[in-house]
Amino acid sequence: MYDQTPSDMPTTTRPANAGSSLNDNASRLDGPAKASGRAKYGRDMYLKDALYVGFVRCPYGAAVLKDANTDAAKSIPGVLEVDVPLGKEGKYHGHKMGEVVAESPLAVKRALRALKCTWEKKPVKTRITDTVTELPEPGEKTAEHFKSAELTLEAVYTTPVQPHSCLETHGGAVEWTDDKAIAYASTQGTSSVRDGIDKHLNRPQSEIEVVCEYIGGGFGSKLGGPGKELTSAATAASKYKRSAYMFDSRSEDQTDTGMRPSSQTLARIAFKKDGTILGGEIRTWGGTGVAGGGGGCNVPSGRYKLGVSKPRDGHKDVTHNGGGPMPARAPGWPQGAFAEELMVDEIAALCNMDPLVFKRKLASEDVYRDMLDMGAKMIGWENRKPNGSQTTAVRIGYGIGTASWHGTGPGGSAEVAIHPDGSVEARTGTQDPGTGTRTMAGIAAASALGVPLSVVTVRIGHSTLPKGPGSGGSQVTGQIAPTMMNAAEHAKEQLLAIVAKAAGATGDDATKGFDIKDGVITRNGKPHLEWKQACEKLPPEGITARNKGELDPGKGGNQGVQFVKLSVDTETGVVRPLHVVAIQSCGKVIFRKGAESQVIGSVIQGFSNALFERQVFDRNIGTVMNDNLEWYKILGPVDMPKIETVLWTHGQTGVRGIGEPPIVATSGAVACAIFNAVGRPVRDLPMTPDRILTAMASAPTGGAKS
Amino acid sequence: MNRFALAQPRTFAEASALLTDKRYSLPVLKGGGIDLVDHLKEGLTEPDVVVNLRRVRMDGVAPGSPSITEANGKIQIEAETTLTDIVNSPIIREKIPVLAQALEHAASLQVRNVATAAGNLLQRPRCWYYRHSQTECLKKGGSTCFAVEGENKYHAIFGDGPCHIVHPSNSAPAYMICDGVAHVASWGGEITLGQIGNERTMLAERSIPFGELFHMPDKGVRSENNLKSGEVITHITCTPAPQSGFYAVKEKQSFDWPLCTAYVVLDFDGAKIKSARVCAGAVAPIPWLLPKVDEALKGIAVDDDAALRKACAVSTEGAKPMTDNAYKLKLLPATIRRAVLIAAGRPENTEVA
């Protein structure tokens, strides 16, 4: 089944990735519904007679709520409840302080405005460097190496806070009826919502359904239970025995739904002129907002044999007046990779080495070397000019980034039902946050059953379905593909037994010689019965089969290499992304277009991280100035590079998710490409024109000892 | 968003009358509605009547007739012409390329399809302190310009404050260097509701050269333009400038506010520049004329890159950058130089494959 022999690698004589997957041609099953607006998201659930909840939030980085005109808010028609805790201190912009419950969204807004809260502002910290004011002294060994080495590099790399910026904001709606409560959640964990919401609804779990058919983006921020929005809606629903709704506004989504923490990486590396690394140390800091932890920064990653490690106390999380983190697409990995890739390129440049040669040499696994060789050809690495050697106003840069990811453990459950009319249902309680899970699950069922995808209806995102995994850690495909295939195989066995019996075959091995291929039941390799005719023989209730036991997704890791080609206008600092080659492995590919889309989406998000994304806190009052999608910038259509994906199947076994791994590589590759073009490293994300112009005007750093 | 009345005047006179109608305390004009909706959503404006100008034409024009015309050496653009119509107008593309190029870079196609010529000029600044409901800045009656000690990367490098916005429109600097004039109308008499219908006789008209349309913050920080209460822009006129060009530096190439823009009109004597008019955008609270650069460009051949760069470098004289926007000192001369080359029909190739 899923561990079948991988296809050959794509070549230039046939379309990229052809033959790489179980289904090369399938398009997203929910594409038409989403494109036409027929798909209803949680945010679309404006229920009859519903109540609406709004949050009173701290507008500053730190402030005490001194006064509020509660009477004015209560007097707004339709307002049922105003809860404002005077004297409470808000610790970040967006910090939830109180609540308003009203009959309409408009009444909520008018009540929040009528409060005219008075705040006493407090001093704020908005950056890691507000706390970490000086860098620690190098360790003894590092100091030794720095004394004797031919060349050294001491550099600080930083990345900013990046909110998840989901298109559908966070929240949920509760439909309250006498016999049950249905929670329409925008969640990455349908089952975790039910487990978290029962006590707020004050109803037994048997009377609670969680529905999450469609989600407009999550990136990790919609994991971990119902969230404060749905919790508040549930509480209001329970109290008033009415349906209730709470979804964040854009500003609320940008400030209080989790974020990718900021990071700072200090690298001190001693090396020889030939690139031999003698030693050194790497220290990291994570800016975690008000949360005390979760700011990891994964460097060194192990993808390169650097011979440099992080001391035991080498990572520190630092608080500031911002919202706390939530897992953000490969939490901690892109931050570390940005520092690591640029650092390695800086060492290569100081040694006058081609970074391709250097990274090939340092690579910890052969698969990286193979990927580097393939990508170099595809991007045209031979056209790369040495760092800083170009003299034209607009210069081309090439850069390399690498990615890895941990494997997948077993989990999840699934069910396949065959109806007497020949239609098939593939059921699992997981959800599809835009990743293609729905289609992947359908392909897994169809291919294991031997029928075309068109006869399969996929049921996901419902708490009454067999429990599925949360959409986190790139675990879902690794768990659901084998699980769904296993359920389908059991269903197939039952169907074939019925067909065999009808054909007069008896005994323990009655089904021997029977199989299903392309929707036709075969016997000894010859067509025996059409699918529909076979299903007519089923009992009225059809067949329902579950997976048996936990299915191991198989061993293996995800590896990736990305090549970026871009231009930098050295008079304006403007970067234009031109071309990206993204090579990624994920075991056996189930859904080709879906897997490619995950890689393409990662490249786009990674490029946005590299060039634009930054939560801007006012340094004095701590207010987020870009709590919108006007000033929180992401790559737009004109900025898109040509993106070529290669699904690397050579030597791959098992099946793994591909949602997170590819984003690890991108921002580092972009940093290396900018370094190549302008000859100076830009060590801070985002690499905006002002920073590029500043870096270009700076003196070269590191280098030979005097 | 608060409740408000939506008024649909048939003429500019009716619109003006509504602006001074004593039944309303906070009337606002709506062109395309782009900026207005932003204000309503953020709670920055709470009008009691929204006067919709979107379909209003000048008096006396036939329905369906073009809203951009040329006569007697002047080009006329009606106030409610969409930015897309300006960009696509053969008259504008041929006679005032600087305007077509500038508006082609404004916002997104969706916005340009509804945003209007007058609305583009009169939109409020995009300063994130002004736009944020939680910051009581000078523009909103507060006592502080938060940008001075705060996040001022996108703010002005010219001007003495006390407010440090940059002028937001892509079109005003183009009109500034093409002898642009804004024509405004206002209801001339005392308002009683029954009077509407005699609008033509009661209309007062005024022409404001673009150089006098906007004012610096020290001349009044709560507003950006010199229109009087009740005045409505009906149309804009300007002089053809076929040798003109525009260049913008933006972080993002899709739907972004520029970091710096330059507008140039040239007149040649053989290969040499006989006269030049240069205006910069996104660097000052108003469209920023640069007469010293105009002067420095005189007599220069655009081929002479050293001379051209020297002339453009004059542009930063008198600039007072803030903590985070000194990079604009590098952008400004480079942007002007590119615009000069475009105006001269010799654009620098900055696209690479």
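Computed from a prediction, not measured in an experiment: that's the story for all the values here.

Trainee: Is there a simple way to explain the environment of Pro77(A) in this structure?
Mentor: Mapped onto the secondary structure, Pro77(A) falls in the loop between α2 (70-74) and β4 (79-83). Through-space distance from the C-alpha of Pro77(A) to that of Ala448(A) is 58 Å; in sequence the pair is 371 residues apart.

Trainee: I tried to follow the interface of chain B and chain A on my own but got confused; where do I start?
Mentor: By a frequent convention, interface size equals the accessible area lost on bringing the separate parts together. Every contact between the two is made by 43 residues of chain B and, on the other side, 45 residues of chain A. Taken together, the two surfaces of chain B and chain A that pack against each other cover about 3700 Å², and 53% of this comes from carbon and sulfur. Between the two partners, chain B and chain A, sit eleven salt bridges. Taken together, chain B and chain A are joined by 23 residue pairs in polar contact (both at pLDDT 80 or more). When contributions to the side of chain B that touches chain A are tallied by element, the ones reaching two or more residues are α2 (34-42), α8 (128-131), β9 (244-249) and α13 (327-343) of chain B. The biggest single contributor to the side of chain B that touches chain A is α13(B), with six residues.

Trainee: Sorry if this is basic, but what is going on with the packing of helix α11 (residues 437-449) of chain A against helix α12 (residues 476-502) of chain A here?
Mentor: Pairs of packed helices are described in terms of their axes, by the angle between the two and the distance that separates them. All names here are of chain A. Viewed as axis vectors pointing N to C, α11 and α12 meet at an angle of 35°, and their least axial separation amounts to 8 Å. In this structure, the crossing between α11 and α12 has a hand that is right-handed. Only Val476, Thr477, Ile480, Ala481, Met484, Met485, Ala488, Glu489, Ala491 and Lys492 of α12 make contact with α11, whose side of the interface consists of Thr437, Met440, Ala441, Ala444, Ala445, Ser447, Ala448 and Leu449. Each residue belonging to the contact of α11 with α12 can be placed in one class, and the counts come to 13 nonpolar, three polar and two charged.

Trainee: What exactly am I supposed to notice about the nonpolar core here?
Mentor: Most often, soluble globular proteins have nonpolar side chains that are buried together. Judged by nonpolar contacts, the single largest core of 83 residues is most densely connected at Val79(A), Leu266(B), Val283(B), Leu297(B), Ile336(B) and Val340(B). Here this core takes eight residues from α13(B), the largest share from any one element. Setting aside its immediate chain neighbours within four residues, Leu266(B) contacts Gln243(B), Ile273(B), Ser275(B), Ala276(B), Val340(B), Ala343(B) and Ala344(B). Within the second largest apolar cluster, 57 residues are counted, among which are Phe612(A), Leu647(A), Ile658(A) and Leu685(A).

Trainee: What's the story with helix α15 (residues 661-678) of chain A in this structure? I'm lost.
Mentor: Think of an α-helix as turning once every 3.6 residues; residues three or four places apart then point the same way. Within α15(A), 18 of the 18 residues are buried, which leaves it mostly tucked inside the rest of the structure. Of the residues trailing α15(A), Gly679(A) is marked for its positive phi of about 85°.

Trainee: Hey, could you run me through the sheet that holds strand β23 (residues 520-523) of chain A in this one?
Mentor: Where strands meet in a sheet, backbone hydrogen bonds hold them as pairs that are either parallel or antiparallel. Residues and elements named next belong to chain A. Read across the sheet, three strands follow the order β22-β23-β24 without closing on themselves; strand pairing throughout is antiparallel. The open sheet terminates on both sides in strands that have one partner only, identified here as β22 (514-517) and β24 (526-530). On average, adjacent strands in this sheet sit at an angle of 40° to one another, irrespective of strand direction. For β23 and β24, the ladder comprises four bridges, and the chain directions are antiparallel. Of the residues in β24, the one forming a bridge with Ile521 is Leu529. The strands touched by α12 within the sheet are β22, β23 and β24, with β22 carrying the most contacts at an inclination of about 120°.

Rules behind the numbers
- Residues numbered from 1 in each chain as written.
- Chains lettered and ligands numbered in written order.
- Predicted model: local features only at pLDDT ≥ 70, side-chain atom pairs only at ≥ 80, totals over all residues.
- Heavy atoms only, no water.
- Helix = DSSP H or I, 4+ residues; strand = E, 2+ residues; numbered from the N terminus.
- Contact = heavy atoms within 4.5 Å.
- Buried area = accessible area lost by both parts, 1.4 Å probe.
- Salt bridge = Lys/Arg side-chain N within 4 Å of Asp/Glu carboxyl O.
- Polar contact = N/O pair within 3.5 Å; in protein donor to acceptor, adjacent residues only side chain to side chain.
- Axes fitted to C-alpha atoms, helices over the stretch in contact; angles between N-to-C directions.
- Left-handed = near helix turned anticlockwise from the far one by under 90°.
- Nonpolar A, V, L, I, M, F, W, Y, C, P; charged D, E, K, R; others polar.
- Core = buried A, V, L, I, M, F, W, Y, C linked by side-chain atoms within 4.5 Å.
- Buried < 20%, exposed > 50% of the residue type's maximum accessible area, 1.4 Å probe, protein only.
- Pairing = 2+ DSSP bridges.

By themselves, these observations are geometric and do not establish any function.
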